[in-house]
Amino acid sequence: MSGSAAPSRQRRALAGALAALILALPGVAASHAIASTLVAQTTPAPSAGQPEAKPKPPEQTESKPPPSAEPVVASNAASVLGKKVVGPKGENLGLVVDVLVDQSGQPQAAVIDFGGFLGVGSRKTAIDWKLLDFSQLEHGETVELGLDRSQIEAAPEYKPGKPSPAVVTTPPAPDATQKNP
Amino acid sequence: VNDPAISVARANSESKPAEAAAASRGLDGLNLFVANIQTGFGPFISVYLTTQGWTQTAIGTALSLGTIAAMASQIPAGALVDAISSKAKVAVFSILAFSASALLLAIQPTALWVYMAELLHGFSSCTLGPAIAAMSLIAVGPAMLGLRLGRNARFASIGNGIGAALMGACGYYVSERAVFFLTAAVTLPAIASLVPLARLRDPIRPPKSGPSARAPISSLLTNRALVIFALCVALFTLGNSAMLPLAGNILTKEAGDFASLLIAGCIIVPQLVVAAISPTIGELTQRRGRRLVLVIGFCTLPIRGILFATLGNPGTLVLIQGLDGIAAACVGILVPLVASDIAGRSGRYNLSLGLIGLAIGVGATISTTLAGWIADAFGAPAAYVSLALVGLLAVLVAALAMPETRPLSEKPGS
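Reference entry: report on the structure contained in this document.

Definitions and limits used
- Residues numbered from 1 in each chain as written.
- Chains lettered and ligands numbered in written order.
- Predicted model: local features only at pLDDT ≥ 70, side-chain atom pairs only at ≥ 80, totals over all residues.
- Heavy atoms only, no water.
- Contact = heavy atoms within 4.5 Å.
- Buried area = accessible area lost by both parts, 1.4 Å probe.
- Salt bridge = Lys/Arg side-chain N within 4 Å of Asp/Glu carboxyl O.
- Polar contact = N/O pair within 3.5 Å; in protein donor to acceptor, adjacent residues only side chain to side chain.
- Helix = DSSP H or I, 4+ residues; strand = E, 2+ residues; numbered from the N terminus.
- Nonpolar A, V, L, I, M, F, W, Y, C, P; charged D, E, K, R; others polar.
- Patch = residues over 30% accessible without salt bridge, like charges linked within 9 Å, V, L, I, M, F, W, Y side chains within 5 Å.
- Areas by Shrake-Rupley, 256 points an atom, 1.4 Å probe, with all protein chains shown as cover.
- Buried < 20%, exposed > 50% of the residue type's maximum accessible area, 1.4 Å probe, protein only.
- Axes fitted to C-alpha atoms, helices over the stretch in contact; angles between N-to-C directions.
- Parallel < 35°, antiparallel > 145°, perpendicular 65-115°, else oblique.
- Left-handed = near helix turned anticlockwise from the far one by under 90°.

1. Some details on the interface of chain A and chain B
Taken together, the contact pairs 23 residues of chain A with 28 residues of chain B. The contact between chain A and chain B buries some 2200 Å² in all, and 61% of this surface belongs to carbon and sulfur atoms. Broken down residue by residue, the surface that chain A buries against chain B is led by Phe117, Leu118 and Glu153 of chain A, which jointly contribute 30%. At the surface where chain A touches chain B, the tally comes to two salt bridges. Note that Lys159 of chain A is salt-bridged to Asp376 of chain B, the shortest N-O span being 2.6 Å. Counting the contacts that link chain A with chain B gives seven residue pairs in polar contact (both at pLDDT 80 or more). Looking at the side of chain A that touches chain B, the elements that each hand over two or more residues are strand 2 (92-101), strand 4 (123-128) and helix 5 (149-153) of chain A. Among the elements that make up the side of chain A that touches chain B, the one with the highest residue count is strand 2 of chain A (four residues). Taken together, the residues of the side of chain A that touches chain B break down into nine nonpolar, seven polar and seven charged.

2. Re a nonpolar patch on the surface
All names here are of chain B. Together, Ile306, Val385, Leu389, Leu392, Leu393, Leu396 and Leu400 make up a nonpolar patch on the protein surface, roughly 650 Å² of accessible area in all. Among the elements that line the nonpolar patch, the one with the most residues is helix 16 (residues 380-400), at six residues. Mapping Val385 onto the fold places it in helix 16. Residue classification places Val385 among the partly exposed positions, given a relative accessible area of 34%.

3. Notes on the packing of helix 10 (residues 224-240) of chain B against helix 13 (residues 290-310) of chain B
Residues and elements named next belong to chain B. The interhelical angle for the contact between helix 10 and helix 13, taken along N-to-C directions, is 25 degrees, at an axis separation of 10 Å. Classed by the angle they form, the pair helix 10 and helix 13 counts as roughly parallel. In this structure, helix 10 meets helix 13 at a crossing whose hand is left-handed. Residues Phe229, Cys232, Val233, Phe236, Gly239 and Asn240 of helix 10 form the contact with helix 13, whose participating residues are Leu294, Gly297, Phe298, Leu301 and Arg304. The residue inventory of the contact of helix 10 with helix 13, partitioned by class, reads seven nonpolar, three polar and one charged.

Following this line, the structure appears as structure tokens:
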């Protein structure tokens, strides 16, 4: 990027104003759109629909606001901490209490607090991130997990202090697979 | 005997039987609803805060804050309740603090407000418990206190049982947040129960005598019976409080789809036992003395620990929890009763209760940590056996060192 920070901020503000005029959107939406393109520029987001960050030179942004900014990052991302986890039959399994990530920041497992009654006797288990379905997170406020209780119970308890926590991946125990076709 | 406590108690209970009956019903309701309220403030808070996006560390901080607040305020709260002659007033403010605390949690579950709610609840728990015990003592007098406390325990356990069922259903079918609105709503009947108790006045504080009527605080700390009693209930709690969470954890691991129901059973079964036996236990404290009841109650703990360690069947765990009910009834009645034997007429009754409460709090705090650590390192059976051994120590201290505190006038035939 050329130039100091202040002029480029002015340019972006101008782009925001232009976007507001052209798209006849409220100013807030336009600035959100710009914020999301900024995120796309600085961090490569693999999940984003448009991998090409078009407006790299700021001159292009000035002339035409990027339509690719429409999927706002905030609407594609949702908070996962404290969300309910439901099983294949829609049964309530527990709550997401933590997310374990690898060195590159990619989520590896979710720590889920299972079972209990009024907070007594619940048990934490780390579940492989790939086993969780987040498609209902935004609307249903739930995370889906294709395992039933018996499979989770067979897994060792997650202990925060331990260096390498055991993570439940596909079938954790042979007897559990028989129960769940 | 020219004892002001007894004469006022007679004036309170005997001269106006209608009022005494009303006071009795008031205490019944108060114990029922307060126990109901307290269910919401238990471990469920951590479930609720989790659903609000709180991290486990932040929840730990908030709950520790509540524990520390409760422990730090036991003794000052006791002294405060001693100094206020209308215990009903103390109870009203404590219950109002509970509703404020529940509403803060329900409406604004963000750090500052949750901390405030925890502090409020921690402190007011320390004023409410002693205030209820003191009102019971004032209403019936020391001679009948054992029976009254038996009744208190019965209603409190019914309240606990109903509370657990109600709050559990509310959290499951409505929402976690609704539990705290429900908790706040239950404070209203609790306050209504105080109406017939509003006239009770602490006889220890005649207007002219002032603070000189009280025994010096140092006399409590050097009272052998009080210190030994505090020590053995602390030991009992150290062995007892981690028992249920540990059993629940194992049920969740092994009991499959019914785990939550069985854990609910583990919570409710002891309450049923308390409700069934506590009047008998109260009577037993008057007929046979306090020490015998203390030893019986404590004995159930090592037995329970060994049974938990050896019998793995989930259904049996629920039945074994019935033993917890026996212990809970004995300890629940004896704490306010022994404190009354020792300090009921010294003007330091509530301070003594605070001291015992502090000992119980310390025991409970260490218990969970200790049992968790042993279970991690050596497995759950080792943890059960260790807790059982601590319980055995409590039995030995109670049997060998605890003096009988029952006043001479209460012996049968007098």
